[in-house]
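Architecture at a glance
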2 protein chains.
Amino acid sequence: MENKLNELRERLGIAHDLGKAAGLLDWDRQVNMPPAGAEERAKQSATLSRLAHEAFTQDEVGRLLQDLEAESKDLPYDDDTASLIRITRRDYDKARRLPPAFVHELAHTTGRAMPAWTRARAESDFKQFEPHLEKIIELKRREADYLGYQDRSYDALLDQFEPGMTTAQVQTIFDQVRKELRPLLGAIHERLEVVDGSVLRRDYDEQKQWDFTIEALKQIGFDFERGRQDQSVHPFTSSFSNHDVRLTTRVDRNYFPMAFFGTLHEGGHGLYELGSPDEFERTPLAGGASYGTHESQSRMWENLVGRSRPFWRFFYPRFCATFAEAARGIDLETLYRAVNRVQPSYIRIKADEVTYNLHIMLRFQLETQLLEGKLAVAEVPGAWNATMQDLLDISPPDDAHGALQDVHWSIGAIGYFPTYSLGTFFSVQLFEKAREAIPDLFEQFARGEFGALLGWLRENIHRHGHKFTLNELATRITGEPLQTTSYLRYLKEKYTEIYDL
Amino acid sequence: MENKLNELRERLGIAHDLGKAAGLLDWDRQVNMPPAGAEERAKQSATLSRLAHEAFTQDEVGRLLQDLEAESKDLPYDDDTASLIRITRRDYDKARRLPPAFVHELAHTTGRAMPAWTRARAESDFKQFEPHLEKIIELKRREADYLGYQDRSYDALLDQFEPGMTTAQVQTIFDQVRKELRPLLGAIHERLEVVDGSVLRRDYDEQKQWDFTIEALKQIGFDFERGRQDQSVHPFTSSFSNHDVRLTTRVDRNYFPMAFFGTLHEGGHGLYELGSPDEFERTPLAGGASYGTHESQSRMWENLVGRSRPFWRFFYPRFCATFAEAARGIDLETLYRAVNRVQPSYIRIKADEVTYNLHIMLRFQLETQLLEGKLAVAEVPGAWNATMQDLLDISPPDDAHGALQDVHWSIGAIGYFPTYSLGTFFSVQLFEKAREAIPDLFEQFARGEFGALLGWLRENIHRHGHKFTLNELATRITGEPLQTTSYLRYLKEKYTEIYDL
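What comes next is a walk through the structure. This is a predicted model, so every value here is computed, not measured.

**Brief notes about the relation of the copies chain B and chain A**
The two copies are related by a screw motion: chain B maps onto chain A through a turn of 177° and a shift of 0.5 Å along the axis, at an RMSD of 0.5 Å. In the structure described here, the two chain copies are related by an operation that fits a two-fold rotation axis. Across chain B, the rotation axis passes nearest the C-alpha of Ala 21 of chain B, at a separation of 3.3 Å. The share of interface residues of chain B whose copies in chain A are also at the interface is 97%, consistent with both copies meeting through the same surface.

Below, the structure written as structure tokens:
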């Protein structure tokens with residue numbers, strides 16, 4: 001068994017290296033690449049993605065898996081070797097269903113769609129992006145057919161980001177959350193004037209903002225020997241190994257939350273990747289459990305930590321020292337309320353905790369309709385604006401603030417958005433457990449100590465890498481699968497207090 | 001023929017993409033990678049290099065070449081298709097002679113030698129590097145045997161960097177140049193005080209130096225839509241396509257020439273890569289003709305342009321405006337002489353035009369002796385210092401300033417150094433022709449106009465990509481193969497005037 005396992009690891013290692021090289025091509029494209037480099041880079045990315053796919057889906061990997069499955073059948077479920085074989089099998093079977101020519105076509109299409117989306121957004125002109133999105137939706141329908149599904153075609157795409165989760169489950173959860181959010185949002189809407197958001201829209205020096213994000217990252221435990229932060233138009237996190245994890249952020253001189261909470265969010269992803277065990281490197285077990293689980297980490301650091309009162313007890317004096325001019329006259333309570341201001345808005349990544357998931361529901365609705373042919377691509381801007389009116393009672397002034405705001409569709413990530421909400425719900429479910437385990441957690445935050453929380457996450461989440469599904473982790477840690485009661489309870493308590501409802 | 005040509009292009013394109021991705025892994029390692037990322041990155045680089053080699057040396061490429069050679073035999077030598085087939089065959093046959101196990105062993109050895117060299121240099125302790133260099137020399141002997149040679153084993157290694165050039169040719173050229181440099185250097189040595197180098201060692205603000213290098217790059221025609229500049233410990237140029245060319249430079253606060261002439265040098269490489277034709281992309285014809293030809297471009301922009309009087313007529317007022325404080329009291333003539341100061345020194349990359357090639361001769365001598373078993377690795381530091389004493393009349397204080405100063409041996413680049421000199425000689429041979437073709441070239445420089453020179457280089461050198469050898473280009477452009485009379489005449493005229501000999 002040892003020989004076969006080593007051979008499997010060797011083959012998976014090559015596929016992994018190719019995938020990481022493809023990841024670097026992409027990171028570099030967003031962070032460093034000169035504008036004219038896009039076309040050749042798209043070809044390089046397509047080649048690397050295809051070769052990574054080919055290396056992973058070789059017949060020999062399947063034969064080794066078959067032999068190893070027989071030889072490892074008595075190992076416990078959570079054993080590292082058993083998990084390597086189980087997870088590789090799961091991902092292998094999915095990947096094998098996609099023909100290499102299709103993978104190449106998808107990579108090439110999205111390689112061209114991304115710059116087209118960038119231009120379209122800059123000019124707020126959906127028409128420029130429309131033919132690319134048409135092609136992508138068509139490819140995604142084919143992808144769902146290749147992958148197979150029981151109920152709805154969207155299941156197949158969702159499963160790639162959140163293994164085991166179905167469209168029907170997401171729909172049920174969303175319907176329930178939406179129902180409960182409606183009265184809360186309505187009540188807050190009556191009292192919007194209680195919170196002064198303008199204090200965060202003063203002139204915040206860009207270099208100081210950047211330095212402040214670095215300070216915050218160091219404070220929460222991000223290791224700059226094993227990572228870095230850069231700037232990009234669309235913030236994201238990339239990992240080239242558990243010793244090389246890269247974050248990006250975006251600085252808006254007149255909107256403090258953009259960089260700061262963006263950094264905390266990506267920092268949460270980064271801490272997760274840094275916590276992946278050495279022994280999982282160059283195997284499918286490296287990294288995070290799923291997109292939703294990843295988002296539970298980023299949303300936890302961004303919101304449950306970064307938008308908590310004790311967090312700002314610690315950071316408030318530092319905030320004042322850094323931004324002496326802009327911070328003038330802002331007391332701790334004003335700042336705490338400002339970073340938690342609820343305000344229906346056009347842009348998802350600027351959304352507050354209460355309205356955030358409504359943005360996701362909008363995208364989920366449109367994606368399922370597009371995939372199932374119930375909505376034409378040309379109708380997207382109209383449908384976007386109408387749904388936003390329905391959910392948030394506002395309508396974007398143009399497509400740059402509407403259907404063109406997110407990069408996801410241009411890179412072919414259909415089925416991805418729901419994981420933002422699932423992760424948000426999961427983050428609160430986990431955080432309740434962490435507070436039970438560490439009763440003085442908030443007192444620690446107020447002293448700038450985040451090591452106990454990070455240790456708890458390392459022990460309960462990070463050290464398992466890609467071994468379990470979100471629901472497996474939820475059940476192991478909290479005794480029940482993903483639920484939204486914790487999330488809804490948290491929102492109601494927090495915002496009832498802030499808005500004095 | 002068209003089908004087979006397309007298939008060949010497709011296969012070469014994949015090998016090319018893998019090579020470029022490997023190049024990005026390396027660029028990123030030197031420019032961005034956090035310190036702890038090295039170990040996993042080395043594995044990724046080894047995988048990509050091996051796969052690029054495998055993709056290029058597939059049997060199928062050989063079969064396609066064989067068919068295409070028969071079908072293309074009536075095409076003229078310099079036809080694009082004929083050249084693609086000829087150059088691919090040349091490089092393919094060389095690559096095929098190296099057994100994959102050998103390529104892997106070499107990659108593994110140099111992967112370990114590079115960090116060992118870094119440590120050894122930092123501690124100025126040759127003993128730490130010695131066992132690695134022993135292994136590398138042994139592998140390079142085997143490599144020469146695999147590749148085959150007529151006369152001397154060094155021929156095989158030199159040919160990888162400068163196709164068609166032999167050890168005997170280099171030896172003849174070097175002997176002649178050395179003989180002629182000796183009296184010139186002797187005469188200058190009597191009058192060293194004529195030039196005041198201290199003006200360049202004042203306090204030059206780092207940000208201003210950086211901005212000044214960017215200004216110079218724009219002025220000479222480097223297109224930032226298709227390229228960028230970054231900082232790294234060892235300056236270098238990388239090309240990911242002819243639309244994405246990256247330079248690096250190094251800024252020394254107390255030594256102005258480091259960044260400025262480093263930038264002009266890499267800028268010369270960069271302009272060459274930017275001039276490679278679109279239709280050669282993703283084939284072996286993309287890029288530059290050879291290492292020596294590449295160096296002819298970098299040395300031309302660094303020295304023949306950047307260290308000329310008319311160049312400084314244009315840049316002097318800008319220099320004064322940028323470095324108001326440091327430039328105080330430096331007149332144009334003082335500045336011109338300072339950037340041309342001749343001073344025997346330990347470090348090759350800081351060497352002036354007159355002594356530079358003596359540094360190369362030293363390395364050439366040691367490399368041939370090492371390869372042919374006439375010098376033991378343990379004897380290298382002693383031989384280095386003795387040869388430097390003999391050539392430059394100085395002896396380095398330690399190995400960091402001596403045998404450990406260059407990265408080349410640690411990455412297995414034996415046979416590379418001579419191309420620096422060949423390129424230097426070639427640069428003057430070419431520049432004489434350019435001045436004949438553009439009689440007011442220097443007047444243009446004095447007006448900050450470099451487009452005519454760049455156009456001449458595009459037409460005569462750049463547009464041919466990797467199609468010809470250095471000597472083929474030399475003969476096409478100047479009517480004779482590489483010669484050193486132009487170079488020696490240039491040096492004597494220029495330095496006789498500066499030092500009033």
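Text resumes after the structure shown.
**Re the interface of chain B and chain A**
Taken together, the 37 residues of chain B in the interface contact 36 residues of chain A. At the boundary of chain B with chain A, the tally comes to 4 salt bridges. The salt bridge partner of Arg 41 of chain A is Asp 244 of chain B, with a shortest N-O separation of 3.5 Å. Where chain B meets chain A, there are 12 residue pairs in polar contact (both at pLDDT 80 or more). Of all the secondary-structure elements, those providing two or more residues to the side of chain B that touches chain A are helix 1 (2-31), helix 2 (38-56), strand 1 (227-231), strand 2 (237-241) and strand 3 (244-249) of chain B. Here the side of chain B that touches chain A is built from residues that sort into 15 nonpolar, 7 polar and 15 charged.

**Focus on the pairing of strand 3 of chain B**
All names here are of chain B. For strand 3, a buried count of 6 out of 6 residues is recorded, marking the element as mostly surrounded by other parts of the structure. Both strand 1 and strand 3 contribute to a ladder of 5 bridges, which runs parallel. Residue pairing in the sheet places Asp 230 in a bridge with Thr 248 of strand 3. Two strands pair when backbone bridges link them, and strand 2 and strand 3 are joined in this way by 4 bridges, in the antiparallel orientation.

**Topic: helix 16 (residues 418-437) of chain A**
In a regular helix each residue adds 1.5 Å, so 20 residues correspond to 28 Å; helix 16 of chain A covers 29 Å between its end C-alpha atoms and thus fits that length. The buried count for helix 16 of chain A comes to 15 of 20 residues, which makes it a mostly enclosed element.

**Here's the deal with unusual backbone geometry**
Residues and elements named next belong to chain A. Phi is positive for Ser 124, which is not a glycine, with a value near 45°. You can see Ser 124 is positioned in the loop between helix 5 (100-122) and helix 6 (126-147). Taking the relative accessible area as the measure of exposure, Ser 124 reaches 23% and is therefore partly exposed.

**Quick word on the side chain of Thr 88 of chain A**
All names here are of chain A. Within the secondary structure layout, Thr 88 lies in helix 4 (residues 80-96). On the basis of relative accessible area, Thr 88 is assigned to the buried category, the value being 0%. With near-sequence residues (within four places) excluded, Thr 88 lies in contact with Leu 12, Phe 56, Leu 65, Ser 83 and Pro 284.

**Re empty space enclosed by the protein**
In this structure the tally under the stated criterion is 4 cavities of 30 Å³ or more. By volume, the largest cavity amounts to about 60 Å³. Going through the elements one at a time, helix 11 (291-305), helix 16 and helix 20 (485-498) of chain A are the ones with two or more residues in the lining of the largest cavity. Split into classes, the residues belonging to the lining of the largest cavity amount to 5 nonpolar, 3 polar and 2 charged. When its volume is computed, the second largest cavity comes out at roughly 50 Å³. Residue lining of the second largest cavity: Trp 117, Phe 129, Trp 384, Ala 403, Gln 405, Asp 406, Trp 409 and Phe 417 of chain B, and that is the complete set.

**Regarding the sheet that holds strand 2 (residues 237-241) of chain A**
All names here are of chain A. Strand order in the open sheet formed by 3 strands is 1-3-2, with mixed pairing between adjacent strands. At either end of the open sheet lies a strand with only one pairing partner, and these are strand 1 (227-231) and strand 2. This sheet shows a mean twist of 20° between the axes of neighbouring strands, independent of strand direction.

**Overview of the sheet that holds strand 3 of chain B**
All names here are of chain B. In spatial order, the strands read 1-3-2; together these 3 strands make up an open sheet with mixed pairing. Taken across any chain shown, the strands that pair with only one partner, and hence form the sheet edges, are strand 1 and strand 2. Strand-to-strand twist in this sheet, taken as the mean axis angle between neighbours without regard to direction, amounts to 20°. Its contacts with the sheet place helix 10 (residues 256-274) against strand 1, strand 2 and strand 3, and it is angled at close to 165° to strand 3.

**Description of the environment of Asn 460 of chain B**
All names here are of chain B. For Asn 460, the location among the structural elements is in helix 18 (residues 451-460). A sequence separation of 17 residues divides Asn 460 from Ile 477, and the C-alpha atoms of the two residues are 6.8 Å apart. Look past the residues within four positions of Asn 460 in its chain and what remains in contact with it is Leu 473 and Ile 477.

Procedures and definitions
- Residues numbered from 1 in each chain as written.
- Chains lettered and ligands numbered in written order.
- Predicted model: local features only at pLDDT ≥ 70, side-chain atom pairs only at ≥ 80, totals over all residues.
- Heavy atoms only, no water.
- Least-squares fit on C-alpha atoms with pLDDT ≥ 70 in both.
- Contact = heavy atoms within 4.5 Å.
- Salt bridge = Lys/Arg side-chain N within 4 Å of Asp/Glu carboxyl O.
- Polar contact = N/O pair within 3.5 Å; in protein donor to acceptor, adjacent residues only side chain to side chain.
- Helix = DSSP H or I, 4+ residues; strand = E, 2+ residues; numbered from the N terminus.
- Nonpolar A, V, L, I, M, F, W, Y, C, P; charged D, E, K, R; others polar.
- Buried < 20%, exposed > 50% of the residue type's maximum accessible area, 1.4 Å probe, protein only.
- Pairing = 2+ DSSP bridges.
- Expected span 1.5 Å × (residues − 1).
- 1 Å grid on protein atoms, 1.4 Å probe; cavity = no way out; pocket = protein on both sides within 12 Å on 5 of 7 lines; lining within 4 Å.
- Points joined across faces, edges and corners; volume = space filled by probe spheres on them.
- Axes fitted to C-alpha atoms, helices over the stretch in contact; angles between N-to-C directions.

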